[in-house]
Structure formats: structure tokens, C-alpha cells
Amino acid sequence: MLGKLTIDALPFYSDIAMGGALITVVGALGVVALITWLGQWRYLWTEWLTSLNHKKIGIMYVTLALIMLVRGFIDAMMMRTQQAVSLNLQGYLPPAHFDQIFTSHATIMMFFVAMPFLVGLFNFVVPQQIGARDVAFPFMNSVSLWLTASGAALVVVSLVIGKFSAAGWSAYPPYSEAQFSPGVGVDYWIWAILISGVGSILTGINFLVTIVKRRAPGMRLMMMPLFTWTALCTSILIVFAFPALTVAAALLGLDRYLGMHFFTNADGGNVMNYVNLFWIWGHPEIYILLLPAFGIYSEVVATFSGKQLFGHKSLVYATAVITALSLSIWLHHFFTMGASPDVNAFFGRVAPLIAVPTCVMIFDWLFTMYRGRVQLSVPMLFMLGFIVTFVIGGMTGVLLAAAPDDVMRGTTFLTAHFHNIMIPGVLFGYFAGYQYWFPKAFGFQLEERWGRRAFWAWIVGFYLAFLPLYILGFMGMPQRLDRYYVAAWQPYLIVAEGGALLILCGIIFFAIQLAVSIRDRAALAISTGDPWNGRTLEWATTAPPAAYNFAVVPHVHGIDAWWAVKQAGKAGYRPARFHDIIMPGDSSAGIVLGGMSFVFAFAMIWQIWWLAAVGGLGMFSAVLWQTFDDNAERRIPASEVEAIEERRSIAPAFASRAPM
Amino acid sequence: MPAPPHGGEVTIRPYLVGAVLALVLTAIPFGLVAARPLRPIQIFIVIGATAIIQVVVHLRYFLHLDLKPSSQNKLIALCFGAVVLLILVGGTLWIMFNLNYRLM
């Protein structure tokens, strides 16, 4: 009746795991109780959870990412603390528990922090930047969100019911096969990856089509703002790379569930093909995460230098070159697997080439600041911190891309390099975007002082936490150790623990910043939709934007379209009459589909077949229901548009009939 | 109900034809692997060929792509996709046969 699910699935094996489970359950119940007490369920359901508005979906994505960031960071803190104390000792975590933590830390940070954060920013910004009213497929957008949330929920639930995978975030066979990992951990990993992966592929398709098809009239490809360009290239990468991961995880699942032999050592299987498939996705994934951050840095540096972006065209070409190169260098993740010198030499030569377009970008940003009026706002601080820190990560990356010095592979040098790319490269970029576009989303700015404090805590914390890991890598410390017997390593690990504590301060400061900003929102309110004197079209809408973004779809004549309008003094233009606007209506099919996918995956993990059938049928019915919904669109009459525009402090930007 | 592309009439026929072809093209490799009537290398070749035909069937019957020169965008996208597939599939074959030769 309940498959493999018994009372033993609860975490009795470790007090710490039990504590984590209790905190998770109490936290979830607390949120439910709070919403009930405030009586906000109906509002939440009608205004947010069933909304197909791309801006609300974007905000929900970013919220999911920030919640999961806290969860993933707790894992990081636990690992740092364990390593700081476990010289010649057991430490406070049993080995099996430590293995789950490094797996869940990486899985959460990659799939449920970085991915939703970037998709959230895409959702909020891209349609506004290209002068569109919505994405190409609004319902599919909602499906993507709820599939991603369902995957995240699986990882969180694994803390309470059963155990998570201990096979590392890459889940290499043969260890991840049923023979060596008989529990449900790897199954949790597989289903979380499969479900959220489908969500990501749908997002890639959605934004590829949105950017190609929905640009405002007159906006040619080379006139698109750089963030949109990086969103386009990222979408292409998602469409080509994510299926490889889905296939790898699905085949691993077939091995585990049906006793097939895709990746076993015996019976014709090939372990190495899993590694190959995984990195066909894995390498482009790094650029899927990095490129949007590069796009954000480009927007931020132009706005806060008060200048047009230097070398817009070269930045576009650099983005395109990175996109193409990133699909062809995956082998440098497994030089040590035993390929011949021909193969290793080819990929060892191609891999460092990617430094060339990246350097073009760095120089373009530096030249944008050169002789500009640089304002050191919080997004700009993250941008500057990124340039300085990321260059170190880039250089250690070139070291790792050289096949001969592969002795550093598998040491903490690799861990340090990876975080040196991910934290300043990706996370700082998304933080800059969060600070930069927050006033556009909510109509008030984030408080500056706590933002600066958060930045300094993050960057100093980063250096303290990861530079010691480079040194430890040279000293030969392997990654993922739960205990060690080399006394010389411990001082560096204690410094790294200090760095992690500073990053904890950074997260707390962000929380305080948000609380203080909400408290003082009247004082921090912005009078126009354009608080930073921005250059691109998203600043032409009101803040927060109306459901339809633009009452009149703008005509674009060059790059920095909004700046050109302001220069021409046409920013306050108001059309003589308005027209009806057709927008997508709400739909609860997306959240039902996501919920049912969770039920289905949970049942598959615990092999409760009848429940899996219920979940599968539920997913199918949700799609069917949406397909036959003939009232999927909502017409906003012209009078209502006019009333909304009347109430806004700033009139719609500019129109086809505007005298330009 | 969205308007059918190119103003033509949307019928269920191409979808049914595509579904049947896709099923047949999936059943052939499964059957061959299960029954092993041929030598492995011959089975590999048949699986590869059915996979390529499968791609064409999907493009033709589900995505309604044809070779008319009406859409430049479609052609560019298709060429780009073909190049990427060539890199990924060709690279995988190169890497895997190389590893196989050295390690097996």
C-alpha cells in the first residue's frame, strides 16, 4: 500500500537530521498558520499563485531562489563547521550525513537557487526590455515555475522523509546505481532533476520565442539591450544542453528501477557515457548561469556610469562566441578519465579559448566606466567586486583547463575555482540585478546602507572562505572530506569557517535591508518609473508596471531606446486615445500540474504505484483542462486602461504616432 | 483557438501519421535489441538510422517543417541545430570509441 515508505523513513539516524526536519516542518506550518491568521489565502491564490502575469511569475521565481539560498547556505555552513573541527576526530556529523549535505548543497544551489533566480529576472525584465506585453506562452511560463517549485519541494521533503542522495551532485555511476546506493536518496535526486529540468527546457523555449517574435516594432536584433541578448543566448543553450541532463538522469533511473544496464560496469553498460552526457549539459550550464549575470553587469555599468555601453556590438559578438564555444568544450571536466592525448589535447586547446571573449567583455565594462560619472550604488559595488574577483577565478580556470596539471582535479583547488566563478560571477550579478530592478517591481527603493554592508560582508567573506581552499588544494587536500589527519590543514579551514560566518552576516544584512525598506517604503518610494535615470525600455514603464506594461507599444529606433526618448524630451508623451488590450487570464492549471508532478515523483520515489497513477492522471488532466479552456484571455477595455494611466504619475512612454 | 499557420486547414491526419511512424521507428530498435537477430554492429547501424529518420518524422509531421524557401529563420535555426548536434553526437562518438579502445 505504501511501497517502501515506513516509519523508518523519518530521520531517527541522526539528531542533527531530526533537528533539521523539525525546523523544516515547524517553518512550513508557521507559514501556513501566518497566512491563515492574516486571512490572505484567497488573495495569494487569485493574485499570485494562479497568475500568468510574467512580472508576478518572475517575483515568485526570485522568492523561491532566495528561500532556497538560505537552505543551501545552511548546508554550506554545516560543512565548513564540520571541517573546521574534524581534525583526527569524527566531528559532529556522521559520514553518511555529511555526504548528503554536500550533495544537497550543490543540487540546491545549482538547480533551485541559480536557475530560478535567473529565470525570475528573465521573466521580470526581458518582456519590458523588448517592449512586449507578455511572454510568448504565458501558461507554459506558469507550468515552468510550478515544475521548478515541485522539484525544490522534493529536495526539501527529502530532509524530513527518507534521506537525500549521498552520491554528489553529479551522481556518477557506478556509486549512484541501485547496487551501491539502494536507498531512495538517488531517486530523490533523479526526480528533482527530471521535473525541474522539464521546467527549465520549457522556459528556454518560451524566452527564445519571446525574444525572436515579440520585440517592439523597429527593434532589430542588434538594437536589443545586452541583458536581452544574454537571455536569448542562454535560452538557446538551455534548449540544446538540458535535454542531455534529462536523458542522463532518465537512463540512470531506468538502470535503478528496471534493472537496465546503460551505466553499469557489466552487461554492456558504459559508465563513462554518463559522465560524457552529464557534462554535455554541465559545461553549457555554467554559461547558462554566467551569461545573464554578464548581461546584468552590462546594464548596471552603463546606467551608473551615465554613458552608453562601450562596444555594444563587441559585447554581443562575445556573448555569441561564448555560446558557441561553451557547447564544444565539455571534455575538460574529465581529462582524467583516460582518453588518448589526441582527444585531451583537442579539448585542452579549445577550453582556454573561452577566456578571449570573456576578456573582451571585461575590457568593454572598464571602458564604459572610463571617463563616466560613476555612481557607487549597491548594484555598482557588486559589479566592481565582480570584476576584481572574477578575474582570479578566470585565471585559475585557465590553469584547470590545461590537461597536464590535472593533479589539482579533485582537490579543494577545484572547489575554490568553482565557487570563485559562481559567487562573484553568478550570484553577485543576480544580487546586482535584484537591487537594480527592485524599485521597478515594487515602486520603492531598497535601503542603501544595509545594502552596502551586505556587499562588504559578502565580498570579504568570499575571499576568507575560498582563498584558503586554493592553498589547501596546492597542499593536496581532496574535496568532500568529512574528516582528516593533517594538522597543517586545520588553520586554513578555520579561516574558511570565518569567511562562511561573514557570508552569513551578508545574508542577514540582506534580510534586514528588505525589512527596513518595507518599513520605510513611504520614504523610499520613487516618484517615476525611472529611479536610476536608466537607458533601456524597462524604465519607460511605471513602477510597479501595469499588467500590460505598455499602454501603447513603443517604436524603437536604436539602442538605448528609452534614453533617446528622454533626450528628445518625449518622455511625458500621452496618446490622445487608448485601445482595448488583450492579456492572458489567470489559470490554476499550472499550480495543479506542478502539485500533481510532486505527487507523481514522490510516489515514484517510494514506489507507491497507485499514487503515482493518481499523480500522472492529475498532470494529464490539468493540461487537458487548460487546453479546453476557451476563456483563457482577458480583455482590458480602453476606458480602464485610460483610468489606470490617469492614476499613474508618469504617462505611457512613446507611441507609433508620437512626433519623434 | 489560435489561427492555423499559413491560413491552411489543421487536420488530425499528419499527427496520426507522425505518431504511427514514430511508434514504428521506436519499436524497431527495441525489438532488435531484445531479439538480437543481427550482429551487434548491424544493430548499431539500424538504431542510428531509425534515430535520424525519427528526427525527420518529428520535424515534418509535428513541427510542420518543409523544404519550401518561405522561411529563412526556420532554415537558420535548423542549420544551427544540425551543427550543434554534429558537435555533440560526433564528439561523443569520438570520445567514447577512443576510451573504449584504450580501456576495454
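Residues numbered from 1 in each chain as written. Chains lettered and ligands numbered in written order. Predicted model: local features only at pLDDT ≥ 70, side-chain atom pairs only at ≥ 80, totals over all residues. Heavy atoms only, no water.

**Brief notes about the overall build of chain A**
Convention followed: Segments assigned H or I by DSSP are reported as helices when at least four residues long, segments assigned E as strands when at least two residues long, and all are numbered from the N terminus. The size measure is the radius of gyration over C-alpha atoms, and the globule rule it meets is 2.2 Å times the number of residues to the 0.38 power. Think of it in three bands: with a 1.4 Å probe and only protein chains considered, a residue is buried below 20% of the maximum accessible area for its type, exposed above 50%, and partly exposed in between. Contacts are assigned to residue pairs with any non-hydrogen atoms lying within 4.5 Å of each other. Residue exposure ignores everything except the shown protein chains as possible cover, and the areas themselves are Shrake-Rupley values with a 1.4 Å probe. Asp and Glu are treated as the negative residues and Lys and Arg as the positive ones, with His and the ends of the chain left uncounted. Each charge is placed at NZ for Lys, CZ for Arg, CG for Asp and CD for Glu.
When helices and strands are tallied, chain A shows 20 helices and 2 strands. Taking 660 residues into account, the globule formula puts the C-alpha radius of gyration at 26 Å, and chain A, at 25 Å, falls close to it. Its C-alpha atoms give chain A principal-axis dimensions of roughly 75 × 60 × 50 Å. Here chain A holds 660 residues, and 59% of them are scored as buried. In chain A, of all internal contacts separated by at least 6 residues, the share reaching a separation of at least 24 is 84%. Carbon and sulfur atoms form 69% of the exposed surface of chain A, whose accessible area is close to 25,500 Å². Side chains of chain A give 37 positive and 33 negative charges; the mean places of these two sets differ by 10 Å.

**As for the interface of chain B and chain A**
We count it as follows: As used here, buried area is the combined drop in accessible area, with a 1.4 Å probe, of two parts when they are placed together. Should a side-chain nitrogen of Lys or Arg be within 4 Å of a carboxyl oxygen of Asp or Glu, the pair is scored as a salt bridge. Polar contacts, as counted here, are pairs of nitrogen or oxygen atoms within 3.5 Å of one another; within protein the pair requires one atom able to donate a hydrogen and one able to accept it, and residues that are adjacent in sequence qualify only if both atoms are side-chain atoms. Under this grouping Gly is polar, as are all residues other than the nonpolar Ala, Val, Leu, Ile, Met, Phe, Trp, Tyr, Cys and Pro and the charged Asp, Glu, Lys and Arg.
With 15 residues of chain B at the interface, the matching set in chain A holds 21 residues. A buried area of about 1,700 Å², summed over both sides, lies between chain B and chain A, and 79% of it is on carbon and sulfur atoms. Linking chain B with chain A are 0 salt bridges, by the criterion used here. Our count for the chain B to chain A interface comes out at 2 residue pairs in polar contact (both at pLDDT 80 or more). When its residues are assigned to classes, the side of chain B that touches chain A shows 10 nonpolar, 4 polar and 1 charged.

**Examining the packing of helix 3 (residues 54-85) of chain A against helix 15 (residues 490-519) of chain A**
All names here are of chain A. The following threshold applies: Under this scheme, a helix contributes an axis fitted over its contacting stretch, all axes are lines through C-alpha atoms, and angles between N-to-C directions fall in the 0 to 180 degree range. Reported orientations rely on four angle classes, namely roughly parallel under 35 degrees, roughly antiparallel over 145, roughly perpendicular from 65 to 115, and oblique for the rest. Here a crossing is taken to be left-handed if its near helix is turned anticlockwise relative to the far helix by less than a right angle, and right-handed if that turn runs clockwise.
The interhelical angle for the contact between helix 3 and helix 15, taken along N-to-C directions, is 155°, at an axis separation of 8 Å. Taken together, the axes of helix 3 and helix 15 are roughly antiparallel relative to one another. The way helix 3 lies across helix 15 gives a crossing that is left-handed. Here Val 70, Phe 73, Met 77, Arg 80, Thr 81, Gln 83, Ala 84 and Val 85 of helix 3 lie close against helix 15, whose contacting residues are Gln 490, Leu 493, Ile 494, Ala 496, Glu 497, Ala 500, Leu 501, Ile 503, Leu 504 and Ile 507. Among the residues making up the contact of helix 3 with helix 15, the classes are represented as 13 nonpolar, 3 polar and 2 charged.

**Focus on the pattern of salt bridges**
Residues and elements named next belong to chain A. Scanning all chains against the criterion turns up 10 salt bridges over all chains. Across the pair Arg 71 and Asp 75 runs a salt bridge whose closest N-O atoms are separated by 2.9 Å. Here the residue Arg 71 and the residue Asp 75 both occupy positions in helix 3, the gap between them amounting to 4 residues, near one helical turn. The class for Asp 75 is buried, based on a relative accessible area of 5%. A salt bridge links Arg 256 to Asp 187, with the nearest nitrogen and oxygen atoms 2.8 Å apart. With a gap of 69 residues between them, Arg 256 in helix 7 (residues 226-258) and Asp 187 in helix 6 (residues 185-213) connect regions that are remote in the sequence. According to the relative accessible area criterion, Arg 256 is buried, its value standing at 12%.

**Re the nonpolar core**
Residue and element names in this part refer to chain A. Rule in force here: Buried Ala, Val, Leu, Ile, Met, Phe, Trp, Tyr and Cys residues that are joined via side-chain atoms within 4.5 Å together make up what is termed a nonpolar core.
Core analysis: the biggest nonpolar cluster contains 205 residues, and Phe 294, Trp 365 and Tyr 430 have the highest contact counts within it. Counting residues per element, this core draws most heavily on helix 8 (residues 271-305), which supplies 22 residues. Apart from residues lying up to four places away in sequence, Phe 294 is in contact with Ile 322, Thr 358, Met 361, Trp 365, Phe 386 and Phe 390. Core analysis: the next-biggest nonpolar cluster, separate from the first, contains 10 residues, Ala 551, Ile 581, Met 583 and Ile 644 among them.

**Comments concerning the state of the cysteines**
Heads up, the condition is: The rule for a disulfide is simple: a pair of cysteine sulfur atoms within 2.5 Å.
If you walk through the whole model with that rule in mind, you get 0 disulfides over all chains. The closest cysteine sulfur to the non-disulfide-bonded Cys359(A) is located on Cys233(A), 19 Å from its own sulfur. Of all cysteine sulfurs in the structure, the one in Cys233(A) sits closest to Cys79(B), which takes part in no disulfide; the separation is 18 Å. You can call Cys79(B) partly exposed: its relative accessible area is 46%.

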